[in-house]
Amino acid sequence: MSWNSFRTDSQQAIVAGITTITGGKGDQIHAYVARPEGPGPFPGVLLMHHLPGWDELYMEFARRFAQHGYTAVCPDLYCRVGHGTPDEVAAKARAEGGADDNEVVADADQAIQWLRAQPTSNGKVGVVGTCSGGRHALLVASKLKNVDACVDLWGGRVVMAPDALTPRLPVAPIDLTADLSCPLLGLFGNDDAAPTPAEVDQHEAELKKHGKNYEFHRYDGAGHAFWYHDRPVFRPQQAMDAWAKTFDFLGRYLS
């Protein structure tokens, strides 16, 4: 579904808000949900929020996906560290070493099951993330077998040196490429430092080696977070093209 594909006589109604879902290990965690009104069926999108946390920007992303016909859920991956403003919670999470990969995958698995259990679901679920969330999206699509499409937007630390691994980040997602279970879309800025163009090249070579279904698009004049309209790195032309490619990709694999 492309931009401005809606009819002007349609309702364009969505329902959105915070709910509680079951996460990994049975923990109750908050999630922001946005969905179109109506009986569906609608595909699902799991949004993996970025390092700055479960914030207003990601809630806006969820509503944007809902307006394009998806049920979107964005779990708070930092929910276990407590509550406050997104900045406060993200700072506390970073001080504790960031989100734990195994917890993230377990939370994602539960969120995917939640999406498929909705009465309006069409049975298809994609996972989308930016920054650290792009890494998490790729990790989820490699660790789990219940993902139908994955979108990695400039995910850093996909390529990791052995000395960069920690108990909370025990594996480099590139090392799981053979296990990637669904088509992958990667969107990157050529001015980014995490991932660098060389790291994107390395990742692409690994995808080719394993015969994976993927497509990568790279943007000149764009760096990290180039579609974040709330900060100076925003690049409107590249961002709009990236959004269009995202909707086209998900439409092909989730409709």
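Each remark here, short or long, concerns the structure printed above.
The structure contained in this document is the topic of the report that follows. The written sequence of each chain sets the order in which its residues are numbered from 1. Local features in this predicted model are restricted to residues of pLDDT 70 or higher, and side-chain atom pairs are both shown and tallied only at a pLDDT of 80 or more, whereas totals for entire chains, interfaces and linings draw on every residue. As a rule here, side-chain values cover all heavy atoms of the structure and leave hydrogens and water aside.

This part takes up the sheet that holds strand β2 (residues 28-36). With mixed pairing, the 8 strands of this open sheet are ordered in space as β1-β2-β4-β3-β5-β6-β7-β8. Both outer strands of the open sheet, β1 (14-22) and β8 (214-219), are each paired with one neighbouring strand and no more. Here the average twist between neighbouring strands, direction ignored, is 20 degrees. As defined by bridge partners, β2 adjoins strand β4 (residues 71-75) across 4 bridges and the pair is classed as antiparallel. When the bridges of β4 are listed, Ala31 appears paired with Pro75. Only heavy atoms matter for contacts: two residues are in contact if any of them lie within 4.5 Å across the pair. Only the stretch in contact is used when a helix axis is fitted, and all axes are lines through C-alpha atoms; the angle between N-to-C directions ranges over 0 to 180 degrees. Only DSSP runs of H or I reaching four residues or more are called helices, and only runs of E reaching two or more are called strands; each is numbered from the N terminus. Packing of helix α3 (residues 101-117) onto the sheet brings it into contact with β1, β2, β3 (42-48), β4 and β5 (121-130), and relative to β3 it is tilted by some 160 degrees. Sitting on the sheet, helix α4 (residues 132-143) touches β3, β5, β6 (149-153) and β7 (184-189), and the angle it makes with β5 is about 135 degrees. Paired strands, as defined in this entry, are two strands with at least two bridges between them according to DSSP.

Let us look at the packing of aromatic side chains. Stacked, edge-to-face and tilted labels apply to pairs of Phe, Tyr and Trp rings (six-membered ring for Trp) whose centres lie within 6.5 Å, assigned for plane angles under 30 degrees, over 60, and everything in between, in that order. If you walk through the whole model with that rule in mind, you get 16 aromatic pairs. Centroid distance Trp227 to Trp243: 3.9 Å. Interplanar angle 20 degrees. Geometry classified as stacked. Remark: Trp243 occurs in helix α6 (residues 236-254) and Trp227 occurs in the loop between β8 and α6; sequence separation between them is 16 residues. In this structure, Trp227 and Trp243 share a single accessibility class: buried. For every residue, the accessible area (1.4 Å probe, protein chains only) is compared with the maximum for its type, and the residue is labelled buried under 20%, exposed over 50%, or partly exposed between those bounds.

Closest axis-to-axis distance for the α3/α4 pair is 10 Å, and the angle between their directions is 70 degrees. Relative to α4, α3 is oriented roughly perpendicular. For the pair formed by α3 and α4, the contact residues are Asp101, Val104, Val105, Ala108 and Ile112 on the first element and Arg135, His136, Leu139, Val140 and Lys143 on the second. Its residues placed into classes, the contact of α3 with α4 shows 6 nonpolar, 1 polar and 3 charged. Working definition: roughly parallel below 35 degrees, roughly antiparallel above 145 degrees, roughly perpendicular at 65 to 115 degrees, and oblique for all remaining angles. Ten residue types, Ala, Val, Leu, Ile, Met, Phe, Trp, Tyr, Cys and Pro, are classed as nonpolar, four, Asp, Glu, Lys and Arg, as charged, and the remainder, Gly among them, as polar.

Treat this as a map of the structure, not an account of what it does.
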